[in-house]
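Chain by chain, the residues run as shown.
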Amino acid sequence: MAIFSFEESKTIGTVFSVDTATIIVKVDELDKLRKLQVNHLIAVKSSKAGQHLIGIINRITRKVSGEENYVSEDLGMSNFLLTENILKVNLIGTLIDMHGEKENVFKRTLDTVPEIEANCFPIDGENITKFMRTISSEENYDVPLSLGKYSIDENAEAFLDGDKFFQRHAVIVGSTGSGKSWCVAKLVEQIAKLPMANSILFDIHGEYSGENFTADGIQHLKIANPSDLGKTGNLENNVLMLPYWLLTYEEMLAMLLDRSDSNAPNQAMIFSKTVFEEKEKYLDNIGDTELKGNITVDSPIPYKIVNVLNEIKVLDAERVAGASAGRDKAGPFNGKLTRFIQRLEAKSQDKRLGFMFQISDDELEISWMNKFCNSLMQGSSNNDKKAGVKVIDFSEVPSDVLPLVIGLVARIIFTVQQWTAKDKRHPICLLCDEAHLYIPERTNQDSASELGLKNFERIAKEGRKYGVSLTVISQRPAEVNRTVLSQCNNFVSLRLSNAEDQAVIKRLLPDNLSGLTDVLPILDIGEALIVGDSSLLPTRVLIDEPTIKPHSATIKFWEEWSNDNAEQDIHSAVVGLRKQSK
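Rules and cut-offs
Residues numbered from 1 in each chain as written. Predicted model: local features only at pLDDT ≥ 70, side-chain atom pairs only at ≥ 80, totals over all residues. Heavy atoms only, no water. Helix = DSSP H or I, 4+ residues; strand = E, 2+ residues; numbered from the N terminus. Buried < 20%, exposed > 50% of the residue type's maximum accessible area, 1.4 Å probe, protein only. Contact = heavy atoms within 4.5 Å. Areas by Shrake-Rupley, 256 points an atom, 1.4 Å probe, with all protein chains shown as cover. Lys, Arg positive; Asp, Glu negative; His and termini not counted. Charge placed at Lys NZ, Arg CZ, Asp CG, Glu CD. Salt bridge = Lys/Arg side-chain N within 4 Å of Asp/Glu carboxyl O. Expected span 1.5 Å × (residues − 1). Arc of directions from axis to C-beta. Polar contact = N/O pair within 3.5 Å; in protein donor to acceptor, adjacent residues only side chain to side chain. 1 Å grid on protein atoms, 1.4 Å probe; cavity = no way out; pocket = protein on both sides within 12 Å on 5 of 7 lines; lining within 4 Å. Points joined across faces, edges and corners; volume = space filled by probe spheres on them. Nonpolar A, V, L, I, M, F, W, Y, C, P; charged D, E, K, R; others polar. Axes fitted to C-alpha atoms, helices over the stretch in contact; angles between N-to-C directions. Left-handed = near helix turned anticlockwise from the far one by under 90°. Patch = residues over 30% accessible without salt bridge, like charges linked within 9 Å, V, L, I, M, F, W, Y side chains within 5 Å. Pairing = 2+ DSSP bridges. Phe/Tyr/Trp six-rings, centres within 6.5 Å; stacked < 30°, edge-to-face > 60°. Lys NZ or Arg CZ within 6 Å of the ring centre and 35° of its normal.

J.: Got a sec to walk through the overall build of the protein? Specific residues and values, please.
T.: For the protein, the count of helices and strands is 16 helices and 21 strands. Dimensions of the protein, computed from the C-alpha atoms along their principal axes, are close to 110 × 60 × 50 Å. Looking at the 582 residues of the protein, the share that counts as buried comes to 51%. Long-range pairs, those at least 24 residues apart, make up 69% of the contacts in the protein between residues at least 6 apart in sequence. In the structure as shown, the protein presents an accessible area of about 28,500 Å², 47% of it carried by carbon and sulfur atoms. Here the protein contributes 65 positively and 82 negatively charged side chains, and the mean placements of these two sets differ by 4 Å.

As structure tokens, this is what we get:
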């Protein structure tokens, strides 16, 4: 049964002009014009029976009376139109009463354009509720994806297409204090309820790692700090080491090599040769015959960095037989590797990077990488902890290596997915909080950060083929890499007050929807504009309060300053700073 059955008396006006996906509607009665609002919906009678075209009101203009002078900027309409009450409407889709065997199907296409003088009707009251429920199909899932309720009808749940939301990458943006963290928490809360959920949340500031952000299906992990170094069983205790042997040749050199050094080519060549030899020796020591003939310098095979360091030191001090008998001379690399050795020793001894260089015997086992990937990449039912959402706390990782470290985790996940057989490949989503810190525009980037960025660019371009999805979360979309953003087809934008950030979102939307971004600076806290493949209708949604709470509440300065009993503990903070652990 058709959800719309408009009476002719309810018409608000008729189509005056048509321009592709934009129409001008003439409204005869001023009382009807007063009841309309920008961004509300109207239905336009289609030239095809059983169809209505759906449009969003973009502008409302009252005709100029005889006593008034026209003093306004160009509205994109001729002065002639100002002699009528008019609406400018963007057409966004078609509601079909019967499509095959399905009733009331909304399609984001325009099979027809309205005829001149076609009647237009407001979608309000019961009609808006019926329409919103129609477009918010729950599909056949026990846990459909929903972030909240529609702003224009709080009785209708705003369901999204969970497949399209993650298949085609998503962006969640909003200024500080707009409710972005709650939106992410609401999303995570629903993912965690699924029986084979599989996602990883990169928690940069520890706001999703607090005691209030716990539920069935959520596992908390952290990058090892200095107090965890040298211990065995870290992985079983949800502490992640990221050993140096997981790094590719280029990533290692980005950390260790000074490319301005005249001896940099020699240092790179010797390092590559020595690392490869150490990997082969490791395989010999464990009696492996399957891998040895097939590995490269980039293969993630354990080796001892101290052995590499000792071998390079030998070459740096080597002396060889001279031309005259009984006399020697400096070897081919004598003195040319000194600066490289100093940098390698400094990195190896830096406890801030202990999670990478100061590893235990556990991380030198050939089977460790299997356990590491299983802990991160197995779905809820297959995971020992029955957790489909893994929250990784990166808050104690030094900022200068953060892009490289997160890029390393992302690269490993993507590469493992690539090498997994198609019928065994289980989709995984990477939720990238504070993405502007490690997926930035290519400005003033060092080589280590550049390599981390390339990993995310590759996932954005190719991840869909291998079941790897990105959800980019940021308060500054203007500082997020354009290549990555351009590959995202779903946008959840909370309030954005910065003009540059608004412009980024506006550029990413289709031309006929770009006017929607005018509401971005005036959205309420916890209200979002959702546009994209996962939402049939671009609309404003009131985000529901999540049951799990991130530790992201804005501190109330005046209230705290007014509290006589407020407590401080600077001593513990100083101790934590010195120990590099909380």
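After presenting the structure, the write-up continues.
J.: Residues and numbers for the pattern of salt bridges, please.
T.: Under the definition given, this model contains 24 salt bridges. Put simply, Arg168 and Asp533 hold a salt bridge, and the shortest N to O gap is 3.2 Å. Here Arg168, found in the loop between α3 (162–167) and β10 (170–173), pairs with Asp533, found in the loop between β20 (527–532) and β21 (539–543); they are 365 residues apart in sequence, far enough to count as distant. Taking relative accessible area as the criterion, Arg168 reaches 31% and is therefore assigned partly exposed. For the salt bridge of Lys313 with Glu345, the shortest nitrogen-to-oxygen distance reads 2.8 Å. Of this pair, Lys313 sits in helix α7 (residues 305–317) while Glu345 sits in helix α8 (residues 338–349), placing them 32 residues apart in sequence.

J.: Give a description of α8 that names residues and reports values.
T.: The end-to-end C-alpha separation of α8 is 17 Å, in line with the 16 Å expected for twelve residues at 1.5 Å each. Every buried residue belonging to α8 is among Phe340, Ile341, Leu344 and Ser348, and all of these are buried. Each buried residue of α8 lies within a common arc of 100 degrees when the element is viewed along its axis, so the set occupies one face. Where α8 is buried, its residues touch α5 (249–256), α6 (264–285), α7 and α9 (354–357).

J.: Any details on the side chain of Lys180? Residues and values, ideally.
T.: With respect to the helices and strands, Lys180 occurs in helix α4 (residues 180–192). Despite being buried, Lys180 has no salt bridge partner; Glu434 is the closest side chain of opposite charge, sitting 5.4 Å away. For Lys180, the side chain forms a polar contact with the main-chain oxygen of Gly174, separated by 3.5 Å. The contact partners of Lys180, leaving out residues within four places of it in the chain, are Ile172, Val173, Gly174, Ile473, Ser474, Gln475 and Leu494.

J.: Give a description of the environment of Gln487 that names residues and reports values.
T.: Locating Gln487 in the fold gives a position in the loop between α13 (482–486) and β19 (490–493). According to the relative accessible area criterion, Gln487 is partly exposed, its value standing at 31%. In this structure the C-alpha to C-alpha distance between Gln487 and Leu508, which are 21 residues apart in sequence, comes to 9.6 Å. Not counting residues within four places of it along the chain, the set of residues in contact with Gln487 comprises Arg168, His169, Ala460 and Lys461.

J.: Residues and numbers for empty space enclosed by the protein, please.
T.: Across all of its chains, the model carries two cavities of 30 Å³ or more by this definition. Computed from the structure, the second largest cavity encloses a volume of approximately 40 Å³. Forming the boundary of the second largest cavity are Leu247, Thr248, Tyr249, Met252, Phe271, Val275, Lys279, Val297 and Tyr303. At the level of secondary structure, the elements contributing two or more residues to the lining of the second largest cavity comprise α5 and α6. The element best represented in the lining of the second largest cavity is α6, accounting for three residues. When grouped by side-chain class, the residues that make up the lining of the second largest cavity number seven nonpolar, one polar and one charged.

J.: Summarise the packing of helix α11 (residues 402–419) against helix α12 (residues 447–462); cite the residues concerned and give the values.
T.: Where α11 contacts α12, the two axes come as close as 8 Å, and the packing angle between them is 35 degrees. Here the hand of the crossing between α11 and α12 comes out left-handed. Contacts between α11 and α12 pair Pro403, Leu404, Ile406, Gly407, Leu408, Ala410, Arg411, Phe414 and Gln418 from the former with Ala448, Ser449, Gly452, Asn455, Phe456, Arg458, Ile459 and Glu462 from the latter. Residue composition of the contact of α11 with α12, by class: nine nonpolar, five polar and three charged.

J.: I'd like a description of a nonpolar patch on the surface, backed by residues and values.
T.: Taken together, the side chains of Ile555, Phe557, Trp558 and Trp561 define a hydrophobic patch exposed on the protein surface, amounting to about 610 Å² of accessible area. Here Phe557 is to be found in helix α15 (residues 557–561). With relative accessibility at 52%, the residue Phe557 sits in the exposed group.

J.: How would you sum up the pairing of strand β5 (residues 85–99)? Please name residues and give values.
T.: A regular strand places its side chains on the two faces of the sheet in alternate fashion. Here β5 lies mainly inside the structure; twelve of its 15 residues are buried. Pairing geometry for strand β2 (residues 22–27) and β5, over six bridges, is antiparallel. Counterpart to Val25 in the pairing with β5 is Leu87. Looking at chain direction, strand β4 (residues 51–61) and β5 are connected through ten bridges and run antiparallel. Across the sheet, residue Ile56 finds its bridge partner in β5, namely Asn90. In this structure, the hairpin formed by β5 and strand β6 (residues 102–107) is closed by a connection of two residues, where Gly100 is found at a positive phi of approximately 65 degrees.

J.: Explain the packing of aromatic side chains to me, using residue names and the numbers behind them.
T.: Given two aromatic rings, one states the distance between the centres and the angle between the planes to describe the pair. One pass over the full model with this rule turns up 17 aromatic pairs. With a centroid separation of 6.5 Å and an interplanar angle of 80 degrees, the aromatic rings of Phe202 and Tyr438 are classed as edge-to-face. One end of the pair, Phe202, is in strand β11 (residues 199–203); the other, Tyr438, is in the loop between β17 (428–432) and α12, with 236 residues separating them in the sequence. The structure contains a cluster of three or more aromatic residues connected by ring pairs, namely Phe4, Phe6, Phe106, Phe121 and Phe131. The positively charged end of Lys549 is found above the aromatic ring belonging to Trp182, 5.9 Å away from the centroid.

J.: Break down the side chain of Asp288 for me, citing the residues and quoting the values.
T.: As for its placement among the helices and strands, Asp288 is situated in the loop between α6 and α7. In this structure, Asp288 is buried with no salt-bridge partner, the nearest side chain bearing the opposite charge being Lys292 at 8.8 Å. At 3.3 Å, the side chain of Asp288 forms a polar contact with the backbone nitrogen of Glu290. A distance of 2.7 Å separates the side chain of Asp288 from the backbone nitrogen of Leu291, its partner in a polar contact.

J.: Kindly report on the sheet that holds strand β12 (residues 218–223), identifying the contributing residues and their values.
T.: If you trace the twelve strands from one edge of the open sheet to the other, you get β9-β8-β21-β20-β19-β10-β18-β17-β11-β16-β12-β13, paired in mixed fashion. Two strands in the sheet have a free side with no partner beyond their single neighbour: β9 (153–160) and β13 (239–240). In terms of strand pairing, β20 meets β21 through four bridges, oriented antiparallel. Across the sheet, Ile530 pairs through a bridge with Thr539, a residue of β21. Along the sheet, helix α2 (residues 126–135) contacts β8 (145–150), β9 and β21; its crossing angle with β9, the most-contacted strand, is approximately 15 degrees. Sheet strands touched by α12: β11, β17 and β18 (468–474). Its angle to β18, the strand with the most contacts, is close to 120 degrees.

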